[in-house]
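Coordinates in review
Chain residues, written in single-letter form:
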Amino acid sequence: MVGALCTKNKLSKSSLVNSHDNKVRSLKVYYEGGVMSQRKDKAISLSTTSSSGIIQVPRLTPLNQLMSFIKGSISECVPCYPLGNGFHRKLRDILPHMVKIYSQEHYKSEIVSFSPNEYVASVGLDGAPSAKMGSMTCGLISFSNCLTLANSCLHNYLLFGLSAKETDSIVVEYLIQLHKEMVAVEKETFDIDGKTVSFKFKIFPNDLKMVAQLAGELNNAARYPTTFAKVRKEDTTLPCAEPVVWQTWSMPERMKLSEQVSKFCEKHSNRKKQLDFIAGLGCRQNSNPLFGNYTEFFRLEPLHLKNNSYQLLHSRILEFVEAVSGYNKSKKLDSVAEDSPLKTYLNGIREEIKAGKLYKRIMSAYTDGGSAGDIRFTGEDSHKFAEKLLLVLRGVLHSSSTSIQLPVNQFTVVLFAYMAVQLRLVMSIAQRIHIDNTHIDEVRIAAKQYHNSFALFNKATCSTWLVCNVLPEHIADMYRRFGYGLGLNSMQGREAKHKSINDYARFSSPQTKWQDVFRHEYVHCIWLKLNDAHIKPGREAKELLPSSIPNHCCKRCRLPSDIDVFCTSQFWGKIDDSCKKGRVHNGLAKLWH
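Throughout this document, residue positions are counted from 1 along each chain, in the order its sequence is written. Thresholds applied to this predicted model are a pLDDT of at least 70 for local features of residues and 80 or more for the giving and counting of side-chain atom pairs; totals over whole chains, interfaces and linings are not thresholded and use all residues. Note that water and hydrogens are dropped before the side-chain values are worked out from all heavy atoms of the structure.

Considerations on the overall build of the protein
Counting secondary structure elements, the protein contains 21 helices and nine strands. Pairs of residues are marked as contacts when any of their non-hydrogen atoms sit within 4.5 Å. Sequence-distant contacts in the protein: of pairs separated by 6 or more residues, those separated by 24 or more amount to 72%. Working definition of accessibility: Shrake-Rupley area with a 1.4 Å probe, residue cover restricted to the visible protein chains. With an accessible surface of roughly 26600 Å², the protein has 51% of that area assigned to carbon and sulfur atoms. Every helix listed is a DSSP run of H or I at least four residues long, and every strand listed is a run of E at least two residues long, numbered separately from the N terminus.

Topic: unusual backbone geometry
The phi angle at Leu147 is positive, at roughly 50°, despite the residue not being glycine. One can find Leu147 in the loop between β6 (134-143) and β7 (157-162). Accessibility here uses a 1.4 Å probe with only protein chains present; expressed as a share of the type maximum, an area under 20% marks a residue as buried, one over 50% as exposed, and anything in between as partly exposed. Given a relative accessible area of 8%, Leu147 falls into the buried group. A positive phi angle is found at Asp193, which is not glycine, with a value near 55°.

Focus: the side chain of Gln213
Locating Gln213 in the fold gives a position in helix α8 (residues 208-214). The residues contacting Gln213, other than those within four sequence positions of it, are Glu166, Thr167, Val172, Leu175 and Leu290.

Some points on the pattern of salt bridges
Whenever a carboxyl oxygen of Asp or Glu lies within 4 Å of a side-chain nitrogen of Lys or Arg, that contact is scored as a salt bridge. With the rule as written, the count across this model stands at 24 salt bridges. Where Arg92 meets Glu188, a salt bridge forms, and the shortest distance between an N and an O atom there is 2.5 Å. Of this pair, Arg92 sits in helix α6 (residues 91-102) while Glu188 sits in the loop between α7 (169-186) and β8 (190-192), and the two are 96 residues apart along the sequence. On the basis of relative accessible area, Glu188 is assigned to the partly exposed category, the value being 32%. Several salt bridges share partner residues, and in doing so they unite Arg299, Asp477, Arg480 and Arg481 into one network.

A few points about the nonpolar core
Residue types Ala, Val, Leu, Ile, Met, Phe, Trp, Tyr and Cys, when buried and joined through side-chain atoms within 4.5 Å, form a set referred to as a nonpolar core. Among the nonpolar cores identified, the biggest contains 163 residues, and Ile141, Phe201, Phe291 and Tyr345 are the most heavily contacted of them. A total of 15 residues in this core trace back to one element, the largest contributor, which is helix α15 (residues 407-430). Every residue in contact with Phe291, bar those within four places of it in the chain, is listed here: Leu125, Leu175, Leu178, His179, Met182, Phe204, Leu214 and Phe298. Counting seven residues, the second-largest nonpolar core is a separate cluster that includes Leu218, Leu257, Ile278 and Cys283.

A look at the environment of Met478
Turning to its location among the elements, Met478 is positioned in helix α17 (residues 462-482). Using a relative accessible area of 1% as the deciding quantity, one classes Met478 as buried. C-alpha of Met478 to C-alpha of Arg299: the two residues are 179 residues apart in sequence and 8.9 Å apart in space. Among residues more than four places away in sequence, those in contact with Met478 are Ile203, Arg299, Gly483, Tyr484, Gly485, Leu486, Leu488 and Asn489.

Side note on helix α18 (residues 492-504)
With 13 residues, α18 ought to run about 18 Å at 1.5 Å a step, and its terminal C-alpha atoms sit 19 Å apart, in line with that. Taken as a whole, α18 has its buried residues at Gln492, Gly493, Arg494, Lys497, His498, Ser500, Ile501, Asp503 and Tyr504. A helix is expected to reach a length of 1.5 Å times the quantity of its residues less one.

As for the packing of α6 against α7
To characterise two packed helices, one gives the angle between the axes of the helices and the distance between these axes. The angle between two axes is taken between their N-to-C directions and runs from 0 to 180 degrees, where each axis is a line fitted to C-alpha atoms and a helix contributes only its stretch in contact. The contact between α6 and α7 brings their axes to 11 Å, and the two run at 55°. By the angle between their axes, α6 is oblique relative to α7. Contacts between α6 and α7 involve Leu91, Arg92 and Leu95 on the former and, on the latter, Leu178, Glu181, Met182, Ala184 and Val185. Asp, Glu, Lys and Arg are counted as charged, while Ala, Val, Leu, Ile, Met, Phe, Trp, Tyr, Cys and Pro are counted as nonpolar; the rest, among them Gly, fall into the polar class. For the contact of α6 with α7, the per-class residue count stands at six nonpolar, no polar and two charged. Orientation labels follow simple angle bins: below 35 degrees gives roughly parallel, above 145 gives roughly antiparallel, 65 to 115 gives roughly perpendicular, and whatever is left gives oblique.

Some remarks on the state of the cysteines
Defined by distance alone, a disulfide is two cysteine sulfur atoms within 2.5 Å. Summed over all chains, the structure comprises zero disulfides. Left without a disulfide partner, Cys525 is nearest to the cysteine sulfur of Cys153, which lies 6.5 Å away.

A closer look at the packing of aromatic side chains
Geometrically, a pair of aromatic rings is defined through the distance of the ring centres and the angle of the planes. Two aromatic rings from Phe, Tyr or Trp, using only the six-membered ring of Trp, form a pair when their centres are within 6.5 Å; if the ring planes differ by under 30 degrees the pair is stacked, by over 60 it is edge-to-face, and anything between is tilted. Enumeration over the complete set of coordinates arrives at 24 aromatic pairs. Measuring from centroid to centroid gives 6.4 Å for Phe201 and Tyr294, while their planes differ by 75°, and the two rings are edge-to-face. One end of the pair, Phe201, is in strand β9 (residues 195-203); the other, Tyr294, is in the loop between α10 (271-280) and α11 (302-324), and 93 residues separate them in sequence. Accessibility classification places Phe201 together with Tyr294 in one group, the buried group. Pairing Trp246 with Trp465 gives two aromatic rings, centres 6.3 Å apart and planes at 65°, and the pair type is edge-to-face.

Digging into the side chain of Gln422
Among the secondary structure elements, Gln422 is positioned in helix α15. Among residues more than four places away in sequence, those in contact with Gln422 are Ala446, Gln449 and Tyr450.

Digging into the packing of α11 against α15
Taken N-terminus to C-terminus, the directions of α11 and α15 make an angle of 175°; their axes are 11 Å apart at the nearest point. By the criterion of interaxial angle, the relationship of α11 to α15 is roughly antiparallel. Mapping the contact onto sequence places Pro302, Leu305, Lys306, Ser309, Tyr310, Leu313, Arg316, Ile317, Phe320 and Val324 in α11 and Asn409, Thr412, Val413, Phe416, Met419, Ala420, Leu423, Arg424, Met427 and Ala430 in α15. Among the residues forming the contact of α11 with α15, the class breakdown is 14 nonpolar, three polar and three charged.

Notes on the pairing of β9
Here three bridges tie β8 to β9, and the two strands are oriented antiparallel to one another. Bridge assignment links Phe190 to a residue of β9, and that residue is Val197. Two strands qualify as a pair provided that DSSP identifies no fewer than 2 bridges between them. From the end of β8 to the start of β9, which pair antiparallel, there are two residues, and Asp193 there has a positive phi angle of about 55°.

Spelled out as structure tokens, the structure:
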């Protein structure tokens, strides 16, 4: 202990302040909650000197000395190589450091083994706009063996980062090189601290846009809208009465189609003709997959799927309450009555759901004349919607507006509540790491009913089709291969890393920002762990459904029985029957059509 060392050895305060142990302690404080400014560091360091009996606690090492220590002693332990205006690391350099971290005693209880002495590496890429970094693209690597630890940004490590869009040629060229690195690493074994280990790349958490790029496909607006199935866009809107038989693209098929497209494009430079040719082949393959055979390991990413699904539900609810409130873009929102369904819904987002940030973005869209239904949802927004949306819809159902009392509008509100119940169950299971076979059976049923509620009574999309048909199969596949759920493929920790990257560059100049990012990231996420500074573990995504249901609550919607106006509605049972069978119930046919 530093204080005991001071008493026994009579070290000077200066020696204690600059000791290795105190530098580790100081660095942990410096990075906790975000990179600290020089002014704040000085204030804290001056206030942390204390003594009690024989125990003396030195003040924190000053920031200027810490920076000299970082730049002079530990900045080159994992080499970084130039990549455009940013940098990249080689797999051979960073993987051994990751193994050393998780071989430590205090991490052993957090790590599982899928195969003896084998680490399953997870590689994900993402582009994001940033006020500090501009348009940036980053690649991150983690070990899937870490389970919930991988949900923390501290356990996702930078592979590359630069200020460029993910579609820029320099990014594409690097991804091709990264693929070659992965193939080479998989063929070898590594001796790390006397332990022989191997690495496999089997999990690739990426959003749908990046998945399409890595697979060499057109974007998600193409006539064939998904990487995961051979399905036409118009077929994704149909209800699913029976299990839908769909096929995936094999690697030989992709390569064959890519060759045909390449030959055609050499002869025809007109882009419209090229797109029509690709559509005529019954695919959306545009070029060779950047990640080669690893493309067959691509699976749906639950975080973005959840956010997109709740954004879709919000947009449909908003369209409805705007219509029944008599609102259109030619009017001002202030002209709408306070007790209208629209104002009730918007106030519910702020007061009941307590999604203040989302509410501000929605109101800003109304002020600017944009579409409030196109507001992007964050993971926090989706979680709050899952918890409290039914209470807001209950308020809409009981609003004093005469239009909402019409049977067709009462039915529509109950329908949205039904959608919300099914979606909450589906996404709760989709984001879990720990599941069993009963969860897979539950998600198959709920996902089908969720899609059919759109296909029969609203308007289904490719997103609802993916939830219905692809998501349950991907969850089952992950459980079959690893014994865990699709939460292994989540980008939760990677999304949080974007904030960390901006924070690392907080006090950097434009010329040195990426150099500083990689230096800080190494010290914070690797060096500190290897020097016995206990970093907070990661955690599983917040549960959307509580594990137990109070006796006074409905088993389906989870609302207290005395305020449950949905499951007891005359429409609920008929909606449920329609969605299970994939056709409109006779009791609803006249009302709906």
